[in-house]
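In case you want the letters, here they are:
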Amino acid sequence: MPSRSSSSSPTTPTALIAHITSSPDLSSSSSHHHHQLLLKSLRKLKNQIIGNRTKKLAFLKLGAVPAVVHILRAVEAETGGDGAEELVGIVVQAAAVIGSFACGVEDGARAVVEAGGFEVLYRLLKHWDAKVVNACARSLKMIYMSKLAPKYDFSKQDSLDFLLSLLNSKSESVTGLGASIITQSCQRGLEQVALCEIGVLKKLQKLLGGSVNQRDACLESLATLIKSNPVVTRMFVEADGGSGLSGITQLLNNRYPRGRLLACMCLSAVWNTSPSYLKDVRLKRRLIGILLELLSEPGQVGDESPFAFARLIDGNEEAQRLAFESGAVENFCSLLKEGSLPAKRIEGIFLALAELCAKLRLCRSKILSLKEPDLVRDALSHDSSEVRIAACICLRNVSRSAKSLCEGLFLNKMIMIALIRLLDEFSAVQVAALSAISNIVVNFAAHKSIFIQYGGAKQLIDLSGSMDSTVRLNAVRALKNLVFLVDRKSKEAISSELTASFLSSLICDAEPLIQEQALGFLRNLVDGSSESIDYVFSEDGVILQVVARQLRRSIITEIYIQGMYAFSNVATGKELHKEAVLHQLISSYDCGQSILFKFLQNNNNQLRTAAVWSVINLTHPSSPGASSRVARLRNAGIYSQLKQMLQDPCLDVKLLHNRELQDYLQGDHQSNAEWTYTA
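One structure accompanies this document, and this report is about it. The numbering scheme is per chain: residues are counted from 1 as the chain's sequence reads. Only residues with pLDDT of at least 70 get local features here, since the model is predicted, and only at 80 or more are side-chain atom pairs given and counted; chain-wide, interface and lining totals rely on the full set of residues. The side-chain values count all of the structure's non-hydrogen atoms but skip hydrogen atoms and water molecules.

Positive phi outside glycine occurs at Ser228, with the angle close to 60°. As for its position among the elements, Ser228 is in the loop between helix 13 (212–226) and helix 14 (230–238). A residue is classified by how much of its surface remains accessible, and Ser228, at 60% relative accessible area, is exposed. The backbone of Leu485 sits at a positive phi, close to 55°, despite the residue not being glycine. Examined against the element boundaries, Leu485 turns out to sit in the loop between helix 30 (469–482) and helix 31 (488–497). Strands here mean DSSP runs of E at least two residues long; helices mean DSSP runs of H or I at least four residues long; both are numbered from the N terminus. Under the scheme applied here, a residue whose accessible area is under 20% of the maximum for its type counts as buried, over 50% as exposed, and between as partly exposed, the area being computed with a 1.4 Å probe on protein chains only.

So, in structure tokens, the structure goes:
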């Protein structure tokens, strides 16, 4: 390591950081020679890491960020003296280093925030030298590009005043920082309105006439302010006789691709927030066309354009239809087939395809008709987890309708295997894969058998025990869909992996949504053969007891419905099964009322229907004990309650009543209906 007085320059990364770390007191009276060496080291560090992710990560491991932040702190209080100008140069270089570390590398942004660099740079915005202020503003703007940047507090008046002072600055670096703060931190409607009330909206519109960089930063901020806020959108559109909206529309002709992209984002925000302000169909088609054209642009613009496209059509059925008519599906698939796309762009394309398929069956059919399963399979195996997640979301939406899946050969064994492999990854990927699996396995026997054959059912059962409640919920939902109308052999394979006590624990899960899905799984599992119903009575009938306990204790109607349909399905079984269900349904527990009596009186149509079906299945005439059960139901007051339901407002209940229960009510028990119901 060179000494502090050495005139030689550090040549290795370790020596470079050691030299920066070993800096003495940086007061303005320190030696000119030392200042020059430190300035040279900082400049060398900056030049090595700019645009080089590998170098950034290497220097991060050596502790470069805390060392540079320490230098900023050391000169923060210096305001004058013979060496003040030299210290300005050091601060400028140090700020540039900090900004570079934060740019494009999340680990770098995290290191800057944890070392306190963010706060130091903010304080230095009040420095007496304009070069320092500009350097710190540029660095902070790069930090604000990261999701790890601290959120700005818009609730305090002094914070609002400071933000407005940034936007009023004569320095474009500083005004750009103000715009970046809005883009990164303004997320709530009250914050949007508060900023407009202090004049931020008008200021941003005026700044659109500045340099290209300033204009771009302001366009992003305007899109953020307008998004999902009709009040701000109206203020923007109606200001100055509509000049703001017309000005941004003109920017669609801008020669810079990024300018066109940001103009599209602003107009998209207006369209999605207040459609009445954007009625021109030609303009809407133009927006979609420009975003599709920008997909072929290199760099950041091409990477961001599919995300902007996805936001434009999110929940906007008109935009989805226009995009479909503009050939968006073919355009996206063509780009994917070309290969060699950046991971971020692939992610954006799959998210855009997912939004296209969210509502329109035409889009789902189009994707399936292209018969490009390899595109999805490759994405499911991509190195980037974001791409894998986006592919799962797309696959989930494509497989939403059974008819769409029937129209193509999109899904194959390799895709199913790829999805199963994703279940071994971290939770975000697992949840995305589970949501796709839930849709794929619900209707098709071929998909179910492949999934079970390659160990998918066991994976779902394992994930149903996850500590992550979101993973647990999605795993149980996928299990429920997997056993929907599945063959007996597959049911046996699934139930052999799932103990009664484990299923009982899911039915009693702390999360009500998981309870509901677990009861739905049970409802589907016991739909059909008596062998599957026997599963409910394993381990001393613990499942039956738990279901009854949930129906007594829960206050959630959806849990009542699933539990009653599960009981109704069990009641189609043998005499033992029927008797056990009857005992649970007519036992008094709530002011002398039984579960069955209480649910027949409930206001929910589905719940009353499920309760009526349980009566029908319990009193099926082919069962030897039917007459005895009829008598017990009468004694429990069910007879009188059913008579009162003759003109039930629910058509399903009324039809069942008139078709299946008349003989029972008249004492001539001749009904032949016995049904099971799946969720």
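Glancing now at the layout of surface pockets. Its volume calculated, the second largest pocket comes out at about 270 Å³. What lines the second largest pocket is simply Phe118, Glu119, Tyr122, Lys126, Tyr144, Pro150, Lys151, Tyr152, Asp153, Asp158, Ser159 and Phe162. For this classification, Asp, Glu, Lys and Arg are treated as charged, while Ala, Val, Leu, Ile, Met, Phe, Trp, Tyr, Cys and Pro are nonpolar and the rest, including Gly, are polar. For the lining of the second largest pocket, the residue count by class is 6 nonpolar, 1 polar and 5 charged. The pocket and cavity definitions rest on a 1 Å grid over protein atoms only: a 1.4 Å probe that fits but cannot leave marks a cavity, an open set with protein on both sides within 12 Å along at least five of seven lines marks a pocket, and residues lining either have an atom within 4 Å of a point. Grid points are joined across faces, edges and corners, and a volume is the space filled by probe spheres set on the points.

Remark: nonpolar core denotes a set of buried residues (Ala, Val, Leu, Ile, Met, Phe, Trp, Tyr, Cys) joined through side-chain atoms within 4.5 Å. Of all hydrophobic cores here, the largest spans 228 residues; its most connected members are Phe309 and Leu419. Here this core gets 11 residues from one element, more than from any other, and that element is helix 5 (residues 84–102). In what follows, a contact means two residues having at least one pair of non-hydrogen atoms within 4.5 Å. If near-sequence neighbours (up to four positions away) are discounted, Leu419 is found in contact with Leu380, Cys392, Leu395, Ala433, Ala436, Ile437 and Ile440.

Note on definitions: salt bridges are taken to be side-chain nitrogens of Lys or Arg within 4 Å of carboxyl oxygens of Asp or Glu. Tallied over the full model, the rule gives 24 salt bridges. One salt bridge in this structure joins Lys156 and Asp153, with 3.9 Å as the shortest N-O distance. Residue classification places Lys156 among the partly exposed residues on the basis of a relative accessible area of 45%. Taking the relative accessible area as the measure of exposure, Asp153 reaches 31% and is therefore partly exposed. The salt bridge involving Lys366 is made with Glu330; its shortest N-O contact spans 3.4 Å. With Lys366 in helix 22 (residues 361–369) and Glu330 in helix 20 (residues 328–338), this pair connects stretches of sequence that are 36 residues apart. Salt bridges linked by common partners bring Glu575, Glu579, Arg629 and Arg632 together as one network.

Of note, Val112 is situated in helix 6 (residues 106–114). Leave out the neighbours within four places in its chain, and Val112 touches Val65, Ile98, Phe101, Ala102, Gly117, Phe118 and Ile143.

What follows deals with the packing of aromatic side chains. Two aromatic rings from Phe, Tyr or Trp, using only the six-membered ring of Trp, form a pair when their centres are within 6.5 Å; if the ring planes differ by under 30 degrees the pair is stacked, by over 60 it is edge-to-face, and anything between is tilted. In total, this model carries 6 aromatic pairs according to the counting rule given. Where Tyr560 meets Phe599, the ring centres are 4.7 Å apart and the plane angle is 40°; that geometry is what we call tilted. Here the residue Tyr560 occupies a position in helix 36 (residues 557–570), and Phe599 occupies one in helix 38 (residues 595–600), the gap between them amounting to 39 residues. As far as burial versus exposure is concerned, Tyr560 and Phe599 are alike and both buried. Among the aromatic side chains, those forming a connected cluster through ring pairs are Phe118, Tyr122, Tyr144 and Phe162.

Moving on, we get to the side chain of Glu347. Inspection of the secondary structure assignment puts Glu347 in helix 21 (residues 343–357). For Glu347, which is buried and forms no salt bridge, the nearest opposite charge comes from Lys344, at a distance of 5.0 Å. Neither His nor the chain ends contribute to the count of charged residues, in which Lys and Arg are positive and Asp and Glu negative.

With that settled, consider the state of the cysteines. What counts as a disulfide here is a pair of cysteine sulfur atoms lying within 2.5 Å. A complete count under the given rule lists 0 disulfides for this structure. Looking at the unpaired Cys394, the closest cysteine sulfur is the one in Cys357, lying at 5.5 Å.

Turning our attention to helix 29 (residues 456–463). Across the 8 residues of helix 29, 6 count as buried, placing the element largely inside the fold. Taken residue by residue, helix 29 has Gly456, Ala457, Gln459, Leu460, Ile461 and Leu463 as its buried positions. Looking at the buried residues of helix 29, the elements they touch are helix 26 (413–422), helix 27 (427–440), helix 28 (445–453), helix 30, helix 31 and helix 32 (500–507).

With that out of the way, let us pick up the packing of helix 17 (residues 281–294) against helix 19 (residues 317–325). Here an angle of 0 to 180 degrees is reported between the N-to-C directions of two axes, which are lines fitted to C-alpha atoms, with helices fitted over the stretch in contact. Following both chains from N to C, one finds helix 17 and helix 19 inclined at 65°, their axes separated by 10 Å at the closest point. Compared by their axis directions, helix 17 and helix 19 come out roughly perpendicular. Seen along the crossing, helix 17 lies across helix 19 with a hand that is right-handed. Packed against helix 17, whose contacting residues are Val281, Lys284, Arg285 and Ile288, the element helix 19 presents Glu318, Ala319, Leu322, Ala323 and Glu325 at the interface. Of the residues in the contact of helix 17 with helix 19, the class split is 5 nonpolar, no polar and 4 charged. In these notes the angle categories are as follows: under 35 degrees is roughly parallel, over 145 is roughly antiparallel, 65 to 115 is roughly perpendicular, and the rest is oblique. Left-handed describes a crossing in which the near helix is turned anticlockwise from the far one by less than a right angle; the clockwise case is right-handed.

Position of Ala631 relative to the elements: it lies in helix 40 (residues 626–635). Classification of Ala631 as partly exposed rests on a relative accessible area of 35%. Along the sequence, Ala631 and Thr619 sit 12 residues apart, while their C-alpha atoms lie 10.0 Å from each other.

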